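Listed below, chain by chain, are the residues.
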Amino acid sequence: MKNANAYPNRWKKGKPIQRPKQHVTVKSIFGVIVPLVLFSIIVSIIGYRTFSNALLNQYAEGAFLTAQTAAELVDADRMDEYAASNGTTPEYLEVLNQMDHLCNTSGSTFIYVILPDRSDYKHITFIFSTIDHDSPYSIYDFGYVRETTNDEYREKYKALYDLEADRELLIRDKGNIETDSHITAMIGLKGSDGQVKAILCVQRQMAVLTAERNTFLNKVALALIALMLLVIVGQALYLHRVLLRPLNLITEEAARFSEENTAADHKLRESIRNKDEIGALAESIDRMEEQIEDYITDITQITADRERISTELSLATRIQAAFIPHLFPPFPDRPEFSLYATMDPAKEVGGDFYDFFLIDQDHLGLIMADVSGKGIPAALFMMASKIILQSCAMLGQGPAAILTKTNEAVCSNNQEQMFVTVWLGILEISTGKLKAANAGHEYPVIREPGGSFALLKDRHGLVIGGMSGVRYREYELQLKPGSKIFLYTDGVPEANNDANELFGADRMLAALNEDPEAAPEEILGNVRRAVNGFVQDAEQFDDLTMLCLEYKGPKEEKPVKELTVDATVENIAAVTAFVEEELYAIDCPMKARMQLSVAIDEIMANIAQYAYDAGPGPLTVRFAFDEETRTVRLTFVDKGMPYNPLEKEDPNVKLSADDRPIGGLGIFLVKKTMDAMAYEYKFSQNVLTIEKKLS
Amino acid sequence: MNIEQKKDGKALVLAPEGRLDTMTAPQLEAALQEALPGVEELTFDFEKLEYISSAGLRVLLSAQKTMNKQGAMKVIHANEMIMEIFEVTGFADILNIV
């Protein structure tokens, strides 16, 4: 994991929160002010009406009082005399004077007495007529006849004459009026017979009344405005304190949090002490911030962990893929067989594996295996199984012995009870003999030359890792030139489609037999295509691993030149003679010939000395010459006890004669003079190979 | 193996012919055992020797150890092949090769 810190806070920063364009305070003030104003207006109208009516009544009563006083001045029974007086008799003038005085002291504008035309009250005749001298109006003179102003007057005159009312009041403050708005109080002047003789009217201008009314209105308006201002300021201050300030704090905190993603140093609750919903909101935000911060920390950690695991997993996939042979053709210099294999794990890493390797120049190991389970555990077990299997196989034993050994090794430390099914075969390349053993694996598919692929129902042993002490049995097949063997894991026949149908062995065989003559790579391609066509879009559930080997027959090469003798010192000369003869045939330079002779001498002396305890045993010396590289290869094979001369430490060649031990130089000399030297112990044989390039 | 011997007083010249290997080295060893007592100047003449294996080297080393006590030893006429073996094994530093 190279950079745990390379995973920055991934939380996306939102747009910064903008200051609100409208304010709760303003809104709530409007919300209060509007009803308040409406209420005030209604109250004002009602108050105004009440006040106005009361004022008018008072005003009217004043006018009627004046009218009563004026009526005392006039003797109704003498009305005819007044009418006939022509306005000049002393009695008439006395009344007129007194009335004039009353008019000017009672605050009335006009006081007048009229005789209406009683036929239809359409005309009136002025008898007495007085005026407030300060008023701008003029009066109607005695006897002046004028048309009645309107029907209202007529009705009221009639009502008075008909004794339906003692008094009548007329208010003229709107419509077409000759003078300013005014009221007229009228009373009937009754004679001693109780009949109305004339009508006395007192007219008062309403200017005073209006002025008083306006004063009242102004006062009310002022009081209302003052009240409203008070309410606005009070409301604003109150709202700001209990609502707006906490809301702003919360907004700022939320904006800061969305930017920084860290819980605040000072909790909102420290500055917002409201016990209402705002307080609850502040507390919720405090808690939310803490939880989100924890959550972010968790998520960041989890994300980093996941990245790390994913990186490691892909690395594991690469290691696993690299661990099984994956370069094709794997043995380009081996024309005797051709081989192709594929592995498609269902997950990143899988439990299936195939393997193939040359045990020696004549033996090819083939493995197809499937570990129980999937994913990393299966992959780990697969790696271990593969190593153990190959190691055991390289010891040169038969398939059954290899499986038995592998089983013991796996069982000895298999605490998780995992197991692996294995099909293992060892092909003797020179003869086509295939020895195989099956530990619970799928049946291999064999194709005879010219024939079709068919399942080989071989004998199954228990899976590797199932139980220790299991013995495996091996069987032998003879591959002929053109024979093919197809190995696979259960992922192939058990591939399923969306309808949960299995691909099955029959479909697999059909795919194989599509073109049984094809090369291994194409055959695997045919199977793969068939599986893909079958499963369609269904998710690959199991690993898909396949291997196909085609045996093409032994290489036609010159018979190997070899000589088998007893491994004794006496036979060195015979072996040297055999090799020298070959060397002469290939025109070997003398120096190389001498060096090879020394090497034979040293190696044989060694084998004669160490290999066999009880009497001399056989030693086979093979001679090979690669003309292309002009390399001579000598192979010494004995069946003695395992002894690797290459493990012997090189002597110290710097010591003086007296300090140097006698001997121990032989193998060292060979190492120094040959171009290559190799030792193997296989199939119970010591195999020592030396190579010398002829310049 | 034919080993030519020339003894002149306290000087001994041994000239083995052919190959000095596992088979023939014991012969040289036997010849030395017989002739070496009293020798103060030992000369190996390898003019007719084809090659030498580690068995031969053992004999030479053994002779060198003896001569270190009773006189001097030298090797003459060693061919290229033999010289290379002497070089590789460090014998070139031990032996007095003329």
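Keep in mind that this is a model prediction, so the values were computed, not measured.

K.L.:
Can you explain the overall build of chain B? Please cite residues and give values.
P.N.:
In terms of regular secondary structure, chain B is built from four helices and six strands. For chain B, the succession of helices and strands along the chain, N to C, is β-β-β-α-β-β-α-β-α-α. In chain B, which comprises 98 residues, the share counted as buried stands at 49%. Contacts in chain B between residues far apart in sequence, at least 24 positions, make up 68% of those at least 6 positions apart. Taken as a whole, chain B presents about 4500 Å² of accessible surface, with 45% of it coming from carbon and sulfur.

K.L.:
Requested: an account of the interface of chain B and chain A, with residues and values cited.
P.N.:
Contacts between chain B and chain A engage 26 residues on the former and 28 residues on the latter. A combined buried area of about 2200 Å² lies between chain B and chain A, and 66% of that area is made up of carbon and sulfur atoms. Seen at the junction of chain B and chain A, the total is three salt bridges. Between Glu580 of chain A and Arg19 of chain B there is a salt bridge whose closest N-O contact spans 2.8 Å. On the surface where chain B and chain A come into contact, there are six residue pairs in polar contact (both at pLDDT 80 or more). For the side of chain B that touches chain A, the elements supplying multiple residues, two or more each, are strand E5 (49–52), helix H2 (54–70), helix H3 (80–89) and helix H4 (91–94) of chain B. Sorting elements by how many residues they give to the side of chain B that touches chain A places H2 of chain B first, with nine residues.

K.L.:
Give a detailed account of the confidence of the model for chain A, specifying residues and quantitative values.
P.N.:
Interpretation of this model should avoid reading the predicted coordinates in detail wherever pLDDT is low. On average, residues of chain A carry a pLDDT of 86, and 95% of them reach 70 or more. Confidence drops under a pLDDT of 50 for residues 1–11 of chain A, and excluding neighbours within four residues, the segment shows 14 contacts in the predicted structure.

K.L.:
Account for the nonpolar core, with residues named and values stated.
P.N.:
Membership of the largest hydrophobic core comes to 52 residues, with the highest contact counts inside it found for Leu403, Val422, Leu547 and Leu549 of chain A. Sort the elements by how many residues they give to this core and helix H8 (residues 375–394) of chain A lands first, with seven residues. Residue contacts for Leu549 of chain A: discarding those within four places in its chain leaves Phe337, Ser338, Leu339, Leu364, Leu366, Leu427, Leu479, Ser483, Lys484 and Ile485 of chain A. Counting 40 residues, the second-largest nonpolar core is a separate cluster that includes Leu669 of chain A together with Ile3, Ala25 and Leu42 of chain B.

K.L.:
Please set out the sheet that holds strand E20 (residues 631–638) of chain A residue by residue, giving values where relevant.
P.N.:
In a beta sheet, neighbouring strands pair by backbone hydrogen bonds and run either parallel or antiparallel. Residue and element names in this part refer to chain A. Taken together, the five strands give an open sheet; going across it, the order is E18-E19-E20-E22-E21, and neighbouring strands pair in antiparallel fashion. The open sheet is flanked by strand E18 (561–566) and strand E21 (676–682), the only strands paired with a single partner. When strand polarity is set aside, the average angle formed by the axes of neighbouring strands in this sheet is 15°. One ladder, built from eight bridges, connects strand E19 (residues 618–626) with E20; its direction is antiparallel.

K.L.:
Can you break down the packing of aromatic side chains residue by residue, with the values?
P.N.:
Residue and element names in this part refer to chain A. Counted under the stated rule, the structure contains 22 aromatic pairs over all chains. Note on Tyr92 and Phe142: the rings are 5.2 Å apart at their centroids and 80° apart in plane angle, and the pair reads as edge-to-face. Highlighted residues: Tyr92 in helix H3 (residues 90–105) and Phe142 in the loop between strand E2 (123–131) and strand E3 (145–147), separated in sequence by 50 residues. For Tyr92, a relative accessible area of 3% gives the class buried. Classification of Phe142 by relative accessible area gives partly exposed; the value is 24%. Plain terms: the ring middles of Phe331 and Phe337 are 5.6 Å apart, the flat faces sit at 70° to each other, and that makes the pair edge-to-face.

K.L.:
Residues and numbers for the environment of Leu479 of chain A, please.
P.N.:
Residues and elements named next belong to chain A. For Leu479, the position within the fold is in the loop between strand E15 (474–478) and strand E16 (484–488). In this structure the C-alpha to C-alpha distance between Leu479 and Arg447, which are 32 residues apart in sequence, comes to 9.2 Å. Apart from residues lying up to four places away in sequence, Leu479 is in contact with Leu427, Thr431, Gly432, Leu434, Leu549 and Tyr551.

K.L.:
Give me the lowdown on the pattern of salt bridges, citing residues and values where you can.
P.N.:
Should their charged atoms come close, side chains of opposite charge can pair. Residue and element names in this part refer to chain A. Scanning the model with the defined rule gives 33 salt bridges over all chains in all. Glu168 is paired through a salt bridge with Lys156; the nearest N and O atoms lie 3.3 Å apart. Remark: Lys156 occurs in helix H4 (residues 151–161) and Glu168 occurs in strand E4 (residues 167–172); sequence separation between them is 12 residues. A salt bridge links Arg447 to Glu517, with the nearest nitrogen and oxygen atoms 2.6 Å apart. One end of the pair, Arg447, is in strand E12 (residues 445–447); the other, Glu517, is in the loop between helix H10 (504–512) and helix H11 (520–535), with 70 residues separating them in the sequence. Residue classification places Glu517 among the exposed positions, given a relative accessible area of 54%. Through salt bridges with shared partners, a single network forms among Glu253, Arg256, Glu260 and Glu289.

K.L.:
Before we move on, could you go through a nonpolar patch on the surface and cite the residues and values that matter?
P.N.:
Residues and elements named next belong to chain A. Judged by side-chain polarity, Val26, Phe30, Val34 and Leu38 come together as a nonpolar surface patch covering roughly 390 Å² of accessible area. Examined against the element boundaries, Val34 turns out to sit in helix H1 (residues 24–73). A relative accessible area of 46% means that Val34 is categorised as partly exposed.

K.L.:
Quick rundown of the sheet that holds E12 of chain A? Include the residues and the values.
P.N.:
Residues and elements named next belong to chain A. If you trace the five strands from one edge of the open sheet to the other, you get E7-E17-E16-E12-E13, paired in antiparallel fashion. Taken across any chain shown, the strands that pair with only one partner, and hence form the sheet edges, are strand E7 (337–344) and strand E13 (453–455). Taking the axes of each pair of neighbouring strands and ignoring which way they run, one obtains an average angle of 15° across the sheet. As defined by bridge partners, E16 adjoins strand E17 (residues 544–551) across five bridges and the pair is classed as antiparallel. When the sheet's bridge partners are listed, Leu487 is paired in E17 with Leu547. Contacting E12, E13 and E16, H10 runs over the sheet at an angle of about 155° to E13. H11 contacts E7, E13, E16 and E17 of the sheet and is inclined by roughly 150° relative to E17.

K.L.:
Quick one: what's the story with helix H14 (residues 666–673) of chain A, residue by residue and with numbers?
P.N.:
Where burial is concerned, most of H14 of chain A is hidden: six out of the eight residues are buried. If you check which residues of H14 of chain A are buried, you get Gly666, Ile667, Phe668, Leu669, Val670 and Thr673 of chain A. Packed against the buried residues of H14 of chain A are helix H13 (590–610), E21 and strand E22 (685–693) of chain A together with H2 and H3 of chain B.

K.L.:
With reference to specific residues and values, describe unusual backbone geometry.
P.N.:
Residues and elements named next belong to chain A. Omega for the bond connecting Phe328 with Pro329 falls within 30 degrees of zero, at -5°, which places this linkage in the cis form. Positionally, Pro329 belongs in the loop between helix H7 (277–323) and E7. With a phi angle near 60°, Asn86 is a residue other than glycine that sits in the positive phi range. Along the chain, the position of Asn86 falls in the loop between helix H2 (79–84) and H3. For Asn86, a relative accessible area of 55% gives the class exposed. Here Arg630, not a glycine, exhibits a phi torsion of approximately 50°, which is positive. Looking at where Arg630 falls in the secondary structure, it is placed in the loop between E19 and E20.

K.L.:
Outline the side chain of Asn497 of chain A, supporting the account with residue identities and numerical values.
P.N.:
Residues and elements named next belong to chain A. Position of Asn497 among the secondary structure elements: in the loop between E16 and H10. Of the polar contacts made by the side chain of Asn497, one reaches the backbone nitrogen of Glu501; its length is 2.9 Å. With residues near it in sequence (within four places) discarded, Asn497 still touches Phe534, Val535 and Ala538.

What counts, and where the lines are drawn
Residue numbers here run from 1 along each chain, matching the order of that chain's written sequence. Each chain gets a letter, beginning with A, and each ligand a number, beginning with 1, in the order they are written. In view of the model being predicted, local features appear only for residues whose pLDDT reaches at least 70, and side-chain atom pairs are presented and counted only at 80 or more, with totals across whole chains, interfaces and linings using the full set of residues. In computing side-chain properties, one takes all heavy atoms of the structure into account and sets aside hydrogens as well as water. Only DSSP runs of H or I covering at least 4 residues are called helices, and only runs of E covering at least 2 are called strands; the numbering of each starts at the N terminus. Each residue gets one of three labels from its accessible area relative to the maximum for its type: buried under 20%, exposed over 50%, partly exposed in between, using a 1.4 Å probe on protein chains only. We call two residues in contact when some of their heavy atoms are within 4.5 Å. Here the open area of atoms and residues is found with the Shrake-Rupley method and a 1.4 Å probe, where only the protein chains shown may cover a residue. Note on terms: buried area is the combined drop in 1.4 Å-probe accessible area of two parts once they are placed together, counting the loss on both. By convention in these notes, a salt bridge is any Lys or Arg side-chain nitrogen within 4 Å of a carboxyl oxygen on Asp or Glu. In protein, a polar contact requires one atom able to donate a hydrogen and another able to accept it; more generally it is a pair of N or O atoms within 3.5 Å, and residues adjacent in sequence count only if both atoms are side-chain atoms. The predictor's confidence in any single residue is recorded as pLDDT, a number from 0 to 100. Think of a nonpolar core as a cluster: buried Ala, Val, Leu, Ile, Met, Phe, Trp, Tyr and Cys residues, connected wherever their side-chain atoms sit within 4.5 Å. When DSSP finds two or more bridges between two strands, those strands count as paired. Lines fitted to the C-alpha atoms define the axes, with helices restricted to the stretch that makes contact. Angles between their N-to-C directions range from 0 to 180 degrees. Only centres within 6.5 Å qualify two rings of Phe, Tyr or Trp (six-membered ring in Trp) as a pair; their planes then separate them into stacked at under 30 degrees, edge-to-face at over 60, and tilted for everything else. Only residues whose relative accessible area exceeds 30% and that take part in no salt bridge are eligible for patches, with like-charged residues grouped when within 9 Å of each other and nonpolar side chains (Val, Leu, Ile, Met, Phe, Trp, Tyr) grouped when within 5 Å.

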